[in-house]
Amino acid sequence: MRVTVAGAGIIGLSCAHRLAEAGHDVVLAAAAPPGETTSAVAGGVLYPPVRRPDARIVRWTAATLAVLRDQDAPGVRFRRGRVLLAPGAPDPWWLTAMTDPVRDGDRLDFTTALVDTPVYLDWLLNRVNALGVRIEYRPLTSLDGLGPVVNAAGLGAGRLAGDDSMVPVGGQVVHLADPGLPGFAVDESGPGATYVIPHGTHVVCGGTEEPGRGDTEPNPGVTAGIVRRARELEPRLAGARVLRSLVGLRPFRREVRLERTGDVVHCYGHGGAGITLAWGCAADVAGLVSGS
């Protein structure tokens, strides 16, 4: 059947890919190309940066990691790293999806994928094009009249669904030159997470969580604070050059909405976990579109 996918971020592209593979005639409609979406700003370390106990998230994470292992795509590297937990915190509920986890006190070490999101999104867009998906860059004001449609439009998905539970959560990151870091580091022991995610040419350092933020202009004071925290977490960044600062608006909902309502399959509200959950969600979306 002909299916329209609304949204060209990691969720929309992954859904379009799975639907085209299943033999559907897919049109992807989006207000902006993948490189201009929030997905392109993401740090790109695959584990669920959400504190929402949802059994589906573990399954979606494991499925996404399995796909990335098989794809051998540019911008994707599997690396071991560490997460520092709050003192005395239990094992995270998502830990079963990770490879070779080891806990030492409040430190967790495991292997996962690091995704240089602009590089990967560009590759995925080319893959989608090769499968015959037609791309139309145009704003959508309604899902009416589109026939079977997947609502994966990120922040715009709530408006298209008439769902006011979606809120933007701002996240500022800083790119530093990569001095050759072997793995990632995340500190979750404090009130906000600090992370260092190396991608070969640059390191994505963060971050912030700003519910309700509506602009994407980096704050110089926040940039300085992120750089300071990142260098405390990873001293090898002490002399690394600051390359740029970016802001993304995460599409947050208390629970990811993935369900079919009539001719519409909704898939939105992933917050900062879109990269982590994309392929697992896309498989469920394809099943709902096909009626299974």
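Scroll up a little and you will see the structure.
Basis of the calculations
Residues numbered from 1 in each chain as written. Predicted model: local features only at pLDDT ≥ 70, side-chain atom pairs only at ≥ 80, totals over all residues. Heavy atoms only, no water. Helix = DSSP H or I, 4+ residues; strand = E, 2+ residues; numbered from the N terminus. Rg over C-alpha atoms; globule rule 2.2 N^0.38 Å. Buried < 20%, exposed > 50% of the residue type's maximum accessible area, 1.4 Å probe, protein only. Contact = heavy atoms within 4.5 Å. Areas by Shrake-Rupley, 256 points an atom, 1.4 Å probe, with all protein chains shown as cover. Lys, Arg positive; Asp, Glu negative; His and termini not counted. Charge placed at Lys NZ, Arg CZ, Asp CG, Glu CD. Expected span 1.5 Å × (residues − 1). Salt bridge = Lys/Arg side-chain N within 4 Å of Asp/Glu carboxyl O. Core = buried A, V, L, I, M, F, W, Y, C linked by side-chain atoms within 4.5 Å. Bend = angle between axes of the 7 residues up to and from the residue. Axes fitted to C-alpha atoms, helices over the stretch in contact; angles between N-to-C directions. Parallel < 35°, antiparallel > 145°, perpendicular 65-115°, else oblique. Left-handed = near helix turned anticlockwise from the far one by under 90°. Nonpolar A, V, L, I, M, F, W, Y, C, P; charged D, E, K, R; others polar.

S.K.: Teacher, can you tell me more about the overall build of the protein here?
M.R.: Summing up its helical and strand segments, the protein has 6 helices and 14 strands in all. The C-alpha atoms of the protein give a radius of gyration of 18 Å, which matches the 19 Å a tight globule of 292 residues would have. Based on the C-alpha atoms only, the size of the protein along its principal axes is roughly 55 × 40 × 35 Å. For the protein, buried positions account for 53% of its 292 residues. Long-range contacts, defined here as pairs at least 24 residues apart, represent 73% of the contacts in the protein between residues at least 6 apart. For the protein, the computed accessible surface area is about 12,300 Å², with 52% contributed by carbon and sulfur atoms. Here the protein contributes 29 positive and 30 negative side-chain charges, whose respective centroids are spaced 2 Å apart.

S.K.: Explanation requested: helix H3 (residues 117–130) in the structure shown.
M.R.: Under the 1.5 Å per step criterion, the end-to-end length of H3 is 20 Å for 14 residues, consistent within 8% with the ideal 20 Å. As for H3, its buried residues are in contact with helix H1 (10–21), helix H2 (55–71), strand E3 (76–84), strand E5 (107–115), strand E6 (134–137) and helix H6 (274–290). Looking one or two residues past H3, Gly132 carries a phi angle of roughly 95°, positive in sign.

S.K.: Whenever I open this one, the pattern of salt bridges confuses me. Can you help?
M.R.: As a working rule, side chains carrying opposite charge can pair if their charged atoms are close by. By the definition in use, this model includes 14 salt bridges. Note that Glu232 is salt-bridged to Arg228, the shortest N-O span being 3.4 Å. Of this pair, Glu232 and Arg228 both sit in helix H5 (residues 220–233), 4 residues apart, which is roughly one turn of the helix. Overall, the relative accessible area of 56% leaves Glu232 in the exposed class. You can call Arg228 partly exposed: its relative accessible area is 47%. Overlapping salt bridges bring together Asp91, Arg103 and Asp106 as one network.

S.K.: Mind showing me how you'd approach the nonpolar core here?
M.R.: Here is a general trend for soluble globular proteins: nonpolar side chains tend to be buried in one another's company. Ranked by internal contacts, the top residues of the largest apolar core, which has 66 residues, are Phe110, Tyr120 and Val150. Among the elements that line this core, the one with the most residues is H6, at 9 residues. Leave out the neighbours within four places in its chain, and Tyr120 touches Ile10, Leu68, Gln71, Ala73, Pro74, Val76, Val115 and Trp279. Residues Leu181, Val203, Ala230 and Leu237 belong to the second largest nonpolar core, which totals 13 residues.

S.K.: Would you explain H6 in this entry?
M.R.: An α-helix turns once per 3.6 residues; consequently, residues spaced three or four apart project the same way. Helix length check: H6 (17 residues) gives 23 Å between terminal C-alpha atoms against 24 Å at 1.5 Å per residue, within 8%. Of all the bends found along H6, the most pronounced is centred on Gly280 and spans about 35°. By the criterion of burial, H6 is predominantly enclosed, with 13 of the 17 residues buried. Phi turns positive, to about 85°, at Gly291, one or two residues after H6.

S.K.: Looking at this structure, how should I read the environment of Pro118?
M.R.: Tracing the backbone through its elements, the reader meets Pro118 in helix H3. Exposure remark for Pro118: the relative accessible area of 42% places this residue in the partly exposed category. Once the C-alpha coordinates of Pro118 and Phe184 are considered, the two residues, 66 residues apart in sequence, prove to be 18 Å apart.

S.K.: How do you make sense of the packing of H1 against H6 when you look at a structure like this?
M.R.: The description of two packed helices rests on the angle between their axes and on the distance between the axes. At a minimum axis separation of 8 Å, H1 and H6 run at an interaxial angle of 40°. Taken together, the axis directions place H1 and H6 in an arrangement best described as oblique. At the point where H1 passes H6, the crossing takes the right-handed sense. Contacts between H1 and H6 pair Ile10, Ile11, Ser14, Cys15, His17, Arg18 and Leu19 from the former with Gly274, Ile275, Ala278, Trp279, Ala282, Ala283, Val285, Ala286 and Val289 from the latter. Here the residues of the contact of H1 with H6 are counted per class, giving 12 nonpolar, 3 polar and 1 charged.

S.K.: Explain the side chain of Thr4 to me, please; I cannot follow it from the model alone.
M.R.: Within the secondary structure, Thr4 is located in strand E1 (residues 2–6). Thr4 sits in the buried class, given a relative accessible area of 5%. Setting aside residues up to four positions removed in sequence, Thr4 forms contacts with Val27, Ala29, Leu146, Pro148, Val149 and Val150.

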